[in-house]
Amino acid sequence: MTRHRILMRMLVTQLRLRFLVVLVAMILLCMALTYVFLIAWHRRGDTYALALGALLSFFASVITAMVTLTYLHVSRRSLAAAEAAIALQREQWEARINVQPRFWMGIRSETSDRFAHRPLTITYRRDRPENGEHYYDSIAWPQVVVDVWNDAERSFRLAGYRLWVRDEGHLAIERPLSGFVVPPNELRSFPVTPELVALSVRQREFQERYERPPCEESVIGLRLHYSDWHEDNRSSRDSYYLLLTPPLSKELCIQRIERNG
């Protein structure tokens with residue numbers, strides 16, 4: 001391929017058509033001004049040629065300044081667009097890389113393979129206000145689990161969790177988890193039934209028999225502690241759940257509520 005063909009291909013493929021049109025127009029304008037200057041010089045002498053040359057130099061300076069300002073304006077807009085695109089790509093990349101565990105607490109049915117356990121039957125003491133006597137009642141607690149979903153591109157290790165009764169900060173239960181790793185785009189679960197049983201009667205230890213009935217309505221907070229490639233012992237956001245027990249509800253019920261709810 002000859003040198004002229006290489007130059008023509010570069011002009012056609014790498015330069016825009018508008019730039020080529022402007023370039024051709026500027027070349028024609030320069031040729032026309034040169035022709036006019038030469039004619040004026042030969043006809044009217046050196047004095048007129050000097051004045052015309054100064055005027056043309058002034059016009060050239062103005063055009064150069066306008067082209068420079070236009071270039072700076074276009075470059076600034078292009079730079080701002082490029083920075084916005086880079087920031088968007090960075091946000092998308094960080095959203096894929098940064099670990100933000102998603103979790104929710106709910107009742108697991110008895111037909112589940114992993115948590116196919118029978119409900120826990122807990123005995124509670126209930127008092128009769130009318131005569132001062134008491135009796136013992138049993139409530140079947142279904143298995144309650146926390147499902148943890150990892151939607152990032154990296155694994156993270158769940159180190160433990162914390163359960164507490166809202167507005168009663170001293171009633172909190174923290175448990176560590178050993179070897180609980182959630183791979184990317186996968187779901188892992190762990191049970192929290194004993195902890196909820198204890199918190200429902202405002203205690204920290206699980207028992208199968210209590211000398212007081214469970215609170216009919218409780219707001220339980222849940223927080224996860226995990227470690228990823230950034231750092232260890234990071235805390236997730238707090239999530240709250242409304243726990244309803246008989247006789248307020250026919251059966252145990254868990255409902256997720258808003259943080260400020």
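Just so you know, these numbers come straight off a predicted model, no measurement behind them.

**Details of the pairing of strand β3 (residues 134–141)**
Right, so step 1: Bridge count between strand β2 (residues 120–127) and β3: eight bridges; the pairing is antiparallel. Within β3, the position partnered with Arg125 by the bridge is Tyr136.
Right, so step 2: Counted between consecutive antiparallel strands, the loop separating β2 from β3 contains six residues, among which Gly132 sits at a positive phi close to 80°.

**Examining helix α3 (residues 193–200)**
Right, so step 1: Counting buried positions along α3 gives seven out of eight residues, so the element sits mostly inside the fold.
Right, so step 2: Every buried residue of α3 is listed here: Thr193, Glu195, Leu196, Val197, Ala198, Leu199 and Ser200.
Right, so step 3: A positive backbone phi angle near 60° is found at Arg202, which sits one or two residues after α3.

**Overview of unusual backbone geometry**
Right, so step 1: Unusually for a residue other than glycine, Asp167 sits at a positive phi of about 70°.
Right, so step 2: Note that Asp167 resides in the loop between β5 (156–165) and β6 (168–182).
Right, so step 3: One non-glycine residue, Arg202, lies in the positive phi region at around 60°.
Right, so step 4: Inspection of the secondary structure puts Arg202 in the loop between α3 and β8 (209–210).
Right, so step 5: Overall, Arg202 belongs to the buried group, its relative accessible area being 18%.

**Quick notes on the layout of surface pockets**
Right, so step 1: Reported here for the second largest pocket is a volume of approximately 290 Å³.
Right, so step 2: Residue lining of the second largest pocket: Met26, Leu29, Cys30, Leu33, Thr34, Phe37, Leu56, Phe59, Ala60, Ile63 and Thr64, and that is the complete set.
Right, so step 3: Its residues assigned to classes, the lining of the second largest pocket comprises nine nonpolar, two polar and no charged.

**Comments concerning the pattern of salt bridges**
Pairing of side chains with opposite charge becomes possible as their charged atoms draw close.
Right, so step 1: The tally for this structure, following the rule as stated, stands at eleven salt bridges.
Right, so step 2: Where salt bridges share partners, they join Arg125, Asp127, Arg209 and Glu211 into one cluster.

**Let's talk about the packing of aromatic side chains**
Right, so step 1: The final tally for this structure, using the stated rule, is five aromatic pairs.
Right, so step 2: Between Tyr124 and Tyr210, the ring centres sit 5.9 Å apart and the planes meet at 15°, which makes this aromatic pair stacked. With Tyr124 in strand β2 and Tyr210 in strand β8, this residue pair connects regions lying 86 residues apart in the sequence. Neither residue differs from the other here; Tyr124 and Tyr210 are each classed as buried.
Right, so step 3: Taken together, a centroid distance of 5.6 Å and an interplanar angle of 90° make the contact between Phe180 and Phe190 edge-to-face. With Phe180 in strand β6 and Phe190 in strand β7 (residues 186–191), this residue pair connects regions lying ten residues apart in the sequence.

**Details of the side chain of Arg202**
Right, so step 1: A distance of 2.9 Å separates a polar side-chain atom of Arg202 from the backbone oxygen of Leu199.
Right, so step 2: Side-chain polar atoms of Arg202 contact the side chain of Ser218, separated by 3.0 Å.
Right, so step 3: If we ignore the near neighbours within four places in the chain, the residues touching Arg202 are Val165, Glu168, Leu171, Arg212, Cys215, Glu217 and Ser218.

**So, the sheet that holds strand β4 (residues 144–150)**
Strand pairing in a sheet relies on backbone hydrogen bonds. The paired strands run either parallel or antiparallel.
Right, so step 1: The strand order β1-β4-β7 describes an open sheet built from three strands, whose pairing is antiparallel. The strands lining the two open edges of the sheet, one partner per strand, are β1 (102–107) and β7. Strand after strand, the sheet turns through a mean of 25° between neighbouring axes, direction not considered.
Right, so step 2: The pairing of β4 with β7 spans six bridges and is antiparallel. For Val148, the partnering residue across the bridge sits in β7 and is Arg188.

The rules behind each value
- Residues numbered from 1 in each chain as written.
- Predicted model: local features only at pLDDT ≥ 70, side-chain atom pairs only at ≥ 80, totals over all residues.
- Heavy atoms only, no water.
- Pairing = 2+ DSSP bridges.
- Helix = DSSP H or I, 4+ residues; strand = E, 2+ residues; numbered from the N terminus.
- Buried < 20%, exposed > 50% of the residue type's maximum accessible area, 1.4 Å probe, protein only.
- 1 Å grid on protein atoms, 1.4 Å probe; cavity = no way out; pocket = protein on both sides within 12 Å on 5 of 7 lines; lining within 4 Å.
- Points joined across faces, edges and corners; volume = space filled by probe spheres on them.
- Nonpolar A, V, L, I, M, F, W, Y, C, P; charged D, E, K, R; others polar.
- Salt bridge = Lys/Arg side-chain N within 4 Å of Asp/Glu carboxyl O.
- Phe/Tyr/Trp six-rings, centres within 6.5 Å; stacked < 30°, edge-to-face > 60°.
- Polar contact = N/O pair within 3.5 Å; in protein donor to acceptor, adjacent residues only side chain to side chain.
- Contact = heavy atoms within 4.5 Å.
- Axes fitted to C-alpha atoms, helices over the stretch in contact; angles between N-to-C directions.

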